[in-house]
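# A look at the structure
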Amino acid sequence: MEKILRLNSDICTMLKLISFYGGLGLVLWGLHQSSLASWLHQDVKFIWAFFFFLAYLSHALHQIGWKNDREKFIPFHMASLAIRFIASLIFIGVFGYIGTPEMILFVGNFFVLYLCSTNFEIIGLLRNLRRF
């Protein structure tokens, strides 16, 4: 019974993840179609895809940490935070190295999406910790 509940929780979490990033993608598309398109960098779709990948990776690491009576949740969560930070630095560094135009706008869009992504992860984490 516990495996079924855990499987349902995993599916529910993945659906929340997909719906959040799908909604965020729709908001970005809507902004791109509006008069506020000048506030978005031309490579914002890469930033969105990067954060979607990081969220999936973080979710996978959290699920590994939840196994075995939640013994290793904290180390896996800290690993996901470290990976997110290092990957973010590398991502910005690569785009800076290849000479992305309007780098200030790119970094601004990156950090706005970073805060949205982190906020989503914190809310989900707090919900899981209430059951901990």
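Residues numbered from 1 in each chain as written. Predicted model: local features only at pLDDT ≥ 70, side-chain atom pairs only at ≥ 80, totals over all residues. Heavy atoms only, no water.

Glancing now at a nonpolar patch on the surface. Nonpolar side chains collect at one region of the surface, where Phe85, Ile86, Leu89, Ile90, Val94, Tyr97 and Ile98 lie side by side and expose about 800 Å² of accessible area between them. Summarising the element assignment, leucine 89 is placed in helix α3 (residues 73–97). Taking the relative accessible area as the measure of exposure, leucine 89 reaches 52% and is therefore exposed. (Patch = residues over 30% accessible without salt bridge, like charges linked within 9 Å, V, L, I, M, F, W, Y side chains within 5 Å. Areas by Shrake-Rupley, 256 points an atom, 1.4 Å probe, with all protein chains shown as cover. Salt bridge = Lys/Arg side-chain N within 4 Å of Asp/Glu carboxyl O. Helix = DSSP H or I, 4+ residues; strand = E, 2+ residues; numbered from the N terminus. Buried < 20%, exposed > 50% of the residue type's maximum accessible area, 1.4 Å probe, protein only.)

Following the UniProt record, one finds the feature "transmembrane region" (unreviewed entry) at residues 12–31, 46–66, 78–98 and 104–126. Along residues 104–126, the helical share is 100% and the strand share 0%, with 33 Å between the first and last C-alpha atoms. (UniProt positions renumbered as here; feature names shortened; annotations may be inferred.)

A word on the packing of aromatic side chains. Under the criterion given, the structure shown has 18 aromatic pairs. Measuring from centroid to centroid gives 5.0 Å for phenylalanine 20 and tyrosine 21, while their planes differ by 85 degrees, and the two rings are edge-to-face. Phenylalanine 20 sits in the partly exposed class, given a relative accessible area of 24%. According to the relative accessible area criterion, tyrosine 21 is buried, its value standing at 1%. Between phenylalanine 20 and phenylalanine 120, the aromatic rings sit 4.3 Å apart at their centres with planes inclined by 5 degrees, giving stacked as the arrangement. Placement of phenylalanine 20 in helix α1 (residues 2–33) and of phenylalanine 120 in helix α4 (residues 103–130) is noted, with a sequence separation of 100 residues between them. Ring pairs connect the aromatic residues Phe46, Phe50, Phe51, Phe91, Phe95, Phe106, Phe110, Phe111 and Tyr114, which therefore count as one cluster. (Phe/Tyr/Trp six-rings, centres within 6.5 Å; stacked < 30°, edge-to-face > 60°.)

Once that is clear, we can look at the environment of tyrosine 21. Note that tyrosine 21 resides in helix α1. For the pair tyrosine 21 and alanine 49, spaced 28 residues apart in sequence, the C-alpha separation works out to 9.0 Å. Once you skip the residues sitting within four places of it in the chain, tyrosine 21 turns out to touch Trp48, Phe51, Phe52, Ala55 and Ser117. (Contact = heavy atoms within 4.5 Å.)

Another aspect to go through is the pattern of salt bridges. Applying the stated rule across the entire model yields 1 salt bridge. One salt bridge in this structure joins arginine 84 and glutamate 121, with 2.5 Å as the shortest N-O distance. Taken together, the residues arginine 84 in helix α3 and glutamate 121 in helix α4 connect sequence positions 37 residues apart. The two residues arginine 84 and glutamate 121 agree in class, both being buried.

Next up on the list: empty space enclosed by the protein. On inspection of all chains with the given rule, the structure shows 1 cavity of 30 Å³ or more. Counted as a void, the largest cavity has a volume near 50 Å³. Contributing to the lining of the largest cavity are Leu54, Leu57, Ser58, Leu61, Ser80, Ile83 and Arg84. For the lining of the largest cavity, the elements supplying multiple residues, two or more each, are α2 (44–66) and α3. When residues of the lining of the largest cavity are assigned to their parent elements, the largest contribution, 4 residues, is made by α2. Grouping the constituent residues of the lining of the largest cavity by class yields 4 nonpolar, 2 polar and 1 charged. (1 Å grid on protein atoms, 1.4 Å probe; cavity = no way out; pocket = protein on both sides within 12 Å on 5 of 7 lines; lining within 4 Å. Points joined across faces, edges and corners; volume = space filled by probe spheres on them. Nonpolar A, V, L, I, M, F, W, Y, C, P; charged D, E, K, R; others polar.)

Tyr21, Ile47, Phe50, Phe51, Phe91, Phe110 and Leu113 are the most contacted members of the largest nonpolar core, which has 18 residues in total. For this core, the secondary structure elements donating two or more residues are α1, α2, α3 and α4. It is α2 that provides the largest number of residues to this core, a total of 6 residues. If near-sequence neighbours (up to four positions away) are discounted, phenylalanine 110 is found in contact with Ile47, Phe50, Phe51, Ser88, Phe91 and Ile92. (Core = buried A, V, L, I, M, F, W, Y, C linked by side-chain atoms within 4.5 Å.)

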